[in-house]
Amino acid sequence: MKRLLLAAGDRALTRFMAESLLQRSMEAFVPQADDEWDISRAHSAAETMVLVQHGQRFHAIIVDVRLPDETASSLVARIRADGNGRKTPVVMITERGRDPHDRRVATERLRVNGFIERPVTAESLREGLRRLERKRRVLLVEPDEERRERYRSRLEAAGLEVHASPSGQQAVSRSGDLHPDLVAAALEADDSGGIAVCAEIKRQGLAEHVPVVLYGLLSALPRQSDNENAFLADDFIQAPFDDGVLVERILSHVGVGGPVLAGDSSPDDRDPPQISDLDVDTERPARRPEPPTSPRSPGFAGGTTLTTPPPSASPEAVAPTQRTTRRVPCTTSLRMREGDRSVESHTLDISHGGMFFEIPDPPPVDSVVDLTFEIPNTGHTINAVGKVAWVGGTGVGVKFSRIAQEDLQIIVDYVNRVARVLYSPT
């Protein structure tokens, strides 16, 4: 029997997950010898660490980003620092479009093995655990042979299973049988560009489950809105970019799938943990979501009731929004000055009103900072003054307080153009 720890602030969510995996109600819960999972539940970071440090080693840990006493990233860092949790597979529950920074920290620094998206369902929970036993499948659409093979090599070195195609139409036709965990598509393609590939992939009924990452020059983005708003992509990487950026962004959607990149650190410290004794078919492709199970489904022992996902813990996923202050991915070099201090960094995203960027020693909230950066593909240097609005695990969010109208218009044009093809959070 495999030991699983469920950590979430909402008791209804941990109960739902436990009942989904055990296929029976927990009203009068007594562990049975034929249970696949021995499940423990924790409803705070403090409870989680007590179980990790003083109990038997878990085969896997599922952590919700919503905890009452600590951030999920901080908790996973403490789990990784503990001898019992250093190599334990960790899966995080996040919400599509709302937690991009949490995901980047989770994969780049904490070696999180996968993600389960809200709203949590019985099938997404089981699939999230199944993925721990196989490499994540990436369908890569890149017409240029040299780049295609280079990207394939880097992604495979990161532990991903890569299926590359030079043709968008060919990739779409293969996706039904392949069941990829993610699609990465170049905007420029001979027969079918990345936007068309994204729309077609998501028409196949996997829109909520298969993230699509588009990449390419800003000039390749359409200037008109895509009428099929529900088929927008999940991420955009503006060219030119380093190959490592593509790897990092893909991992932030699917989790760490295998050996880390060579030279990242010693293999003993960085080998991604795997569940060695999960009794699952590692070759089975990802399945399409099952319809909701009826309360008296014959599949549950004794015909007992299985609760539905609790609305408080699993709200509807965020829909694409048309608001005017959307934030979109933007990776560009930046210099921040605070008094006599000057720091070189890079941005993660930007909106009409501000930006988020990484910094190892962030200034406190309400600090006034000078910013110098360039919007990709414009060749124009922007100087702005901002105020630190919030400090996160990866850096700071700064709100523009003084910026030239000409510079602001360049930012607005970039944000609007990227947002037309991107799934944008509220």
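Residues numbered from 1 in each chain as written. Predicted model: local features only at pLDDT ≥ 70, side-chain atom pairs only at ≥ 80, totals over all residues. Heavy atoms only, no water.

Participant: With reference to specific residues and values, describe the overall build of the protein chain.
Facilitator: The number of helices and strands found in the protein chain is eleven helices and 17 strands. By residue count, 53% of the 426 residues in the protein chain fall in the buried class. Of the contacts formed within the protein chain by residues at least 6 apart in sequence, a portion of 70% connects residues at least 24 apart. (Helix = DSSP H or I, 4+ residues; strand = E, 2+ residues; numbered from the N terminus. Buried < 20%, exposed > 50% of the residue type's maximum accessible area, 1.4 Å probe, protein only. Contact = heavy atoms within 4.5 Å.)

Participant: Would you mind going over the sheet that holds strand β3 (residues 60-64) in detail, with residue names and values included?
Facilitator: Pairing is parallel across the open sheet formed by five strands, whose spatial order is β2-β1-β3-β4-β5. Bordering the open sheet on either side are β2 (37-42) and β5 (114-118), each of which pairs with just one other strand. Mean inter-strand twist for the sheet, computed between neighbouring axes without regard to direction, equals 20°. The sheet contacts of helix α1 (residues 11-22) involve β1 (2-7), β2, β3, β4 (90-95) and β5, and relative to β2 the element is tilted by about 180°. (Pairing = 2+ DSSP bridges. Axes fitted to C-alpha atoms, helices over the stretch in contact; angles between N-to-C directions.)

Participant: Let's hear about the side chain of arginine 136: which residues, and what values?
Facilitator: With respect to the element layout, arginine 136 can be found in the loop between α5 (122-130) and β6 (137-141). As a buried residue without a salt bridge, arginine 136 has its nearest oppositely charged side chain in aspartate 181, at a separation of 5.8 Å. At 3.1 Å, the side chain of arginine 136 forms a polar contact with the backbone oxygen of arginine 131. In terms of polar contacts, arginine 136 uses its side chain to reach the backbone carbonyl oxygen of valine 256, at 3.4 Å. (Lys, Arg positive; Asp, Glu negative; His and termini not counted. Salt bridge = Lys/Arg side-chain N within 4 Å of Asp/Glu carboxyl O. Polar contact = N/O pair within 3.5 Å; in protein donor to acceptor, adjacent residues only side chain to side chain.)

Participant: Can you tell me about the packing of α1 against α5, naming the residues and giving the values?
Facilitator: Two elements in contact, α1 and α5, have axes whose closest approach is 10 Å; the angle formed by their N-to-C orientations is 75°. Considering the angle they form, α1 stands roughly perpendicular to α5. Contact with α1, carried on its side by Phe16, Met17, Ser20 and Leu21, involves Ala122, Leu125, Arg126 and Leu129 of α5 and no other residues of that element. In terms of residue class, the contact of α1 with α5 is made up of six nonpolar, one polar and one charged. (Parallel < 35°, antiparallel > 145°, perpendicular 65-115°, else oblique. Nonpolar A, V, L, I, M, F, W, Y, C, P; charged D, E, K, R; others polar.)

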